[in-house]
Amino acid sequence: MTGSLVLGIIIMESKNTHLKILSNVVKGILYGTDSRTEHAPHILDHLELKRYMFFVIIALMPSVIASVYFFGTRVIKIILVSYIFGGIVEVAFALIRKKDIEEGFFVTGLIFPLILPPTVPLWIVASGIIFGTFFGKEVFGGTGRNIFNPALTGRVFITIAFPEIMTASWQVPLTDAITSATPLTMFKTEHFITSYRDLLMGNVSGSLGETFRLGIIIGGVFLMWTKVSNWRVPFSYLGSVFMFSLAGNMLFPSKIAPFLFQLLSGGLLFCAMFMATDPVTSPFTREGKYVFGVLCGLFTVLIRSFSGYVEGVMFSILLMNAFSPLIDQVILKIKYKPLA
């Protein structure tokens with residue numbers, strides 16, 4: 001009898017603990033943090049980590065739903081593999097460091113599969129997310145301390161390690177047919193401009209989350225409206241691509257695609273809205289965000305037009321991730337010059 005009573009108490013306490021954790025998560029999402037700083041400066045900001053991650057996942061839902069619609073239920077398997085194997089790395093580091101599992105992976109684990117080809121083998125998905133989580137984030141100390149975007153780190157790794165698999169086979173939306181030509185490839189090899197309507201609505205080959213660009217725009221605007229992302233980065237990024245491709249197409253029409261095609265092709269919109277805006281790996285100064293976006297746009301156009309790669313977005317963002325601290329340092333030195 002006593003044993004049953006003790007067991008009942010333990011079960012009740014366990015339930016109460018789980019309910020308290022769930023309650024704290026919901027409160028954090030809906031109302032923000034109730035934490036207070038002990039010493040000045042006291043800055044109130046309701047955008048805590050849980051709320052940030054929750055809003056980003058909501059903004060990604062149009063891309064997720066569209067990818068399942070265009071490429072089938074295999075997309076769900078790819079997302080599950082990303083969460084499972086990336087989660088293993090997260091849990092392992094949490095146990096080693098004796099800390100709670102960080103919520104940052106809920107976004108990384110969803111964004112990573114959305115920047116992969118529909119036909120990607122599941123073992124490559126696992127390899128990419130393990131590499132990106134380990135070398136892109138955990139070796140720097142975890143969420144909030146990483147220099148590079150972990151999802152892009154994993155994507156670049158598997159692109160370089162398995163170039164044939166990652167670039168040769170692209171599924172045609174709403175069919176089981178395979179093609180090796182994406183809109184950017186078709187322009188680079190045949191100077192063919194894909195229909196802008198098809199590019200906007202997703203009826204083209206490409207990575208899982210990048211094709212339905214109307215949904216990407218809706219999700220990106222939602223993040224800017226809720227102030228989860230800073231509008232300066234995507235506006236300066238997309239604006240610089242517009243300007244550089246407009247001028248470049250006049251000078252090198254066979255090399256540099258027209259500005260509207262540049263904006264609506266490849267992973268530009270997706271990465272500008274969801275990855276370049278990462279508050280951890282982009283500059284924190286207002287002016288630095290403009291510099292970051294403009295240089296991302298410049299390198300994107302240059303890599304797309306004059307390198308051996310048809311896409312330059314992921315390389316551009318990772319390159320500028322490395323320079324983000326320097327950009328902020330220069331901006332701060334210019335704004336706050338020491339007194340003579």
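Residues numbered from 1 in each chain as written. Predicted model: local features only at pLDDT ≥ 70, side-chain atom pairs only at ≥ 80, totals over all residues. Heavy atoms only, no water.

Draft legend 1. Region of the structure containing the overall build of the chain. Looking only at helices and strands, the chain has 15 helices and two strands in total. The buried share among the 340 residues of the chain stands at 46%. By sequence separation, contacts in the chain at least 24 residues apart represent 72% of the contacts at least 6 residues apart. For the chain, the exposed surface amounts to about 17,700 Å²; the carbon and sulfur share of it is 70%. (Helix = DSSP H or I, 4+ residues; strand = E, 2+ residues; numbered from the N terminus. Buried < 20%, exposed > 50% of the residue type's maximum accessible area, 1.4 Å probe, protein only. Contact = heavy atoms within 4.5 Å. Areas by Shrake-Rupley, 256 points an atom, 1.4 Å probe, with all protein chains shown as cover.)

Draft legend 2. Local environment of the nonpolar core. In terms of nonpolar packing, the biggest core is built from 72 residues, with Y237, F270, F274 and M275 touching the most fellow members. Among the elements that make up this core, the one with the highest residue count is helix α2 (residues 49-71) (10 residues). (Core = buried A, V, L, I, M, F, W, Y, C linked by side-chain atoms within 4.5 Å.)

Draft legend 3. Structural detail: the environment of D198. Mapped onto the elements of the fold, D198 is located in helix α9 (residues 196-201). A relative accessible area of 23% means that D198 is categorised as partly exposed. In sequence terms D198 and T211 are 13 residues apart; their C-alpha atoms lie 8.9 Å from each other. Every residue in contact with D198, bar those within four places of it in the chain, is listed here: N203 and V204.

Draft legend 4. Expanded view of the packing of aromatic side chains. Enumeration over the complete set of coordinates arrives at 18 aromatic pairs. Summarising the aromatic geometry, the rings of F131 and F157 are spaced 4.0 Å apart at their centres and angled 5° between planes, so their arrangement reads as stacked. Of this pair, F131 sits in helix α5 (residues 122-136) while F157 sits in helix α6 (residues 150-161); the two residues are 26 residues apart in sequence, bridging distant segments of the chain. For F131, a relative accessible area of 24% corresponds to the partly exposed category. (Phe/Tyr/Trp six-rings, centres within 6.5 Å; stacked < 30°, edge-to-face > 60°.)

Draft legend 5. Local environment of the side chain of E90. Considering the arrangement of structural elements, one finds E90 in helix α3 (residues 74-97). Judged by relative accessible area, which is 5%, E90 ranks as buried. A polar side-chain atom of E90 sits 2.5 Å from a polar atom in the side chain of K137. Each residue touching E90, except ones within four places of it in the same chain, is listed here: E102, F105, T133, K137 and E138. (Polar contact = N/O pair within 3.5 Å; in protein donor to acceptor, adjacent residues only side chain to side chain.)

Draft legend 6. Up close: the packing of α6 against helix α15 (residues 313-335). Where α6 meets α15, the closest approach of the two axes is 10 Å, and the angle between their N-to-C directions is 130°. Compared by their axis directions, α6 and α15 come out oblique. Pair α6 / α15 crosses with left-handed handedness. From α6, L152, T153, R155, V156 and T159 reach across to α15, where they touch M314, F315, I317 and L318. Broken down by class, the residue content of the contact of α6 with α15 amounts to six nonpolar, two polar and one charged. (Axes fitted to C-alpha atoms, helices over the stretch in contact; angles between N-to-C directions. Parallel < 35°, antiparallel > 145°, perpendicular 65-115°, else oblique. Left-handed = near helix turned anticlockwise from the far one by under 90°. Nonpolar A, V, L, I, M, F, W, Y, C, P; charged D, E, K, R; others polar.)

Draft legend 7. Geometry of the pattern of salt bridges. Tallied over the full model, the rule gives four salt bridges. Residues E311 and R304 are paired through a salt bridge, measuring 2.8 Å at the closest nitrogen-oxygen approach. For the pair E311 and R304, a shared accessibility class is recorded, and that class is buried. (Salt bridge = Lys/Arg side-chain N within 4 Å of Asp/Glu carboxyl O.)

Draft legend 8. Main features of unusual backbone geometry. Located in the positive-phi region is L174, a residue other than glycine, with phi close to 65°. For L174, the location among the structural elements is in the loop between β1 (170-171) and β2 (178-179). Phi at K227 takes a positive value of approximately 65°, unusual for a residue other than glycine.

Draft legend 9. Quick look at the environment of A272. By secondary structure assignment, the location of A272 is in helix α13 (residues 268-274). Look at A272 and you get buried, because its relative accessible area is 0%. Leaving out residues up to four positions away in the same chain, A272 has contacts with P234, Y237, L238 and T277.

Draft legend 10. Up close: the confidence of the model for the chain. Of all residues in the chain, 85% have pLDDT values of 70 or greater, and the mean over the chain is 86. In the predicted structure, residues 28-32 sits below a pLDDT of 50 and forms 13 contacts with residues beyond four places in sequence or in another chain. Long-range and interchain partners of residues 39-44, a stretch whose pLDDT sits below 50, account for one contact in this model, where long-range means more than four residues apart. (pLDDT = per-residue confidence, 0-100.)

Draft legend 11. A look at helix α4 (residues 105-114). Most of α4 is tucked away: nine of the 10 residues are buried. Among the residues of α4, F105, V107, T108, G109, L110, I111, F112, P113 and L114 are the ones counted as buried.

Draft legend 12. Seen up close, a nonpolar patch on the surface. A grouping of I76, L80, I84, F85, I88 and I130 is seen on the molecular surface, where their side chains present a nonpolar patch of about 520 Å² in accessible area. Per element, the largest residue contribution to the nonpolar patch is five residues, and it comes from α3. Its place among the elements puts I130 in helix α5. Judged by relative accessible area, I130 falls into the partly exposed class, the value being 33%. (Patch = residues over 30% accessible without salt bridge, like charges linked within 9 Å, V, L, I, M, F, W, Y side chains within 5 Å.)

Draft legend 13. Representation of the side chain of Q262 within the structure. Counting through the fold element by element, Q262 comes out in helix α12 (residues 259-264). Non-local contacts of Q262, meaning those with residues more than four positions away in its chain, are made with V241, S245, I256, A257, L268, V301, R304 and S305.

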